[in-house]
Amino acid sequence: MEVDSTTVIPSAKPITSSGMTNMTPDDYRNIFWSMLRDAIDQMLTHPPGSYKPISYEQMYSAVYKCVCKQYSEQLYADLMTHVKTRLGQWSNHLTSVEDDSFINEFHKALVQYFHALGGIVPIFTYMNRFYIESKLHTDLKTELIKVFSSLVSDQHVARLIPLMVAAQSRPFCIPPAVMSTMCKHLYQLNPEYTVIEPKLFSSYLPNVLPQMTEEDLQAQKEADRMLQESLLAQGWGCTDNMSSTRKRDLEDAPGPPNRG
């Protein structure tokens, strides 16, 4: 998900275990948090794999220093505030997206965010263990998922899910892999989303609907039959007809000119 940011991580000063006995507020703000913020921005604003690899060791060391120098509370507050700012920009962007592009744009946001979580959470492992878990009695991944739910998915799910249902009724309108990823991540964000449209989620996730009765099975068979007829009417799967048509075309085609 692109936002108005062109942040690039600068060459940071090496951080060693003996290089700093005290950390002033200016040190924290201008060296450590600045470096961490830039790394977060790269993970949140650039497509996965498109940016220069971030040094996990360097970032972990910066977090370790901040926690050891009693900046845990400030670091956690800065992290959450910054992520909320970025997600607010994403949500505003989604508001301006037209319906025909909305599913793909929301999918991009989901993939980007969950990919970023895979980098942010490990970098802040030390803060998570010795501040968030021990003092706040929660964990960083849970809190970051809550923030996305609150600022992005909760704001747009009432628009998103009907569009997904409509797309599902038009075969190949949206690739099945995209729909599957959307349902999986939406469920991770908030399992209650499945209540809005259980049949949609049950197409891609197990155990969403109650166990089928015999009547349900018959209804499902009928729905499958109607879908197959719809696909055939649109020309999908008519390989025999296509082969026979091509054969007739070949038979009717003029032969090579007689060179005799």
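Residues numbered from 1 in each chain as written. Predicted model: local features only at pLDDT ≥ 70, side-chain atom pairs only at ≥ 80, totals over all residues. Heavy atoms only, no water.

Before going further, it helps to spend a moment on unusual backbone geometry. Of note in the backbone geometry, glutamine 70 takes a positive phi value of approximately 70 degrees without being a glycine. Summarising the element assignment, glutamine 70 is placed in the loop between α2 (56–68) and α3 (72–95). A residue is classified by how much of its surface remains accessible, and glutamine 70, at 69% relative accessible area, is exposed. One non-glycine residue, asparagine 207, lies in the positive phi region at around 60 degrees. (Helix = DSSP H or I, 4+ residues; strand = E, 2+ residues; numbered from the N terminus. Buried < 20%, exposed > 50% of the residue type's maximum accessible area, 1.4 Å probe, protein only.)

What follows covers the nonpolar core. Core analysis: the biggest nonpolar cluster contains 66 residues, and Phe124 and Met127 have the highest contact counts within it. The set of elements that each furnish at least two residues to this core consists of α1 (25–45), α2, α3, α4 (99–123), α5 (125–136), α6 (140–168), α7 (176–189) and α8 (198–202). (Core = buried A, V, L, I, M, F, W, Y, C linked by side-chain atoms within 4.5 Å.)

In this model α6 runs just 34 Å from its N-terminal to its C-terminal C-alpha over 29 residues, more than 12% under the 42 Å that 1.5 Å per residue would give. In the structure, α6 departs most strongly from a straight axis at valine 157, where the bend amounts to approximately 60 degrees. Of the residues flanking the start of α6, the one acting as N-cap is aspartate 139, its side-chain oxygen 3.2 Å from the backbone nitrogen of lysine 141. (Expected span 1.5 Å × (residues − 1). Bend = angle between axes of the 7 residues up to and from the residue. Polar contact = N/O pair within 3.5 Å; in protein donor to acceptor, adjacent residues only side chain to side chain.)

Following the criterion strictly, the structure yields 10 aromatic pairs and no others. With a centroid separation of 4.9 Å and 5 degrees between ring planes, the pair formed by tyrosine 28 and tyrosine 71 is classed as stacked. Remark: tyrosine 71 occurs in the loop between α2 and α3 and tyrosine 28 occurs in helix α1; sequence separation between them is 43 residues. Each of the two residues, tyrosine 28 as well as tyrosine 71, counts as buried. Linked through ring pairs, Tyr56, Tyr60, Tyr64, Tyr126 and Phe130 together constitute an aromatic cluster. Positioned over the ring face of phenylalanine 102 is arginine 159, at 4.0 Å from the centre of the ring. (Phe/Tyr/Trp six-rings, centres within 6.5 Å; stacked < 30°, edge-to-face > 60°. Lys NZ or Arg CZ within 6 Å of the ring centre and 35° of its normal.)

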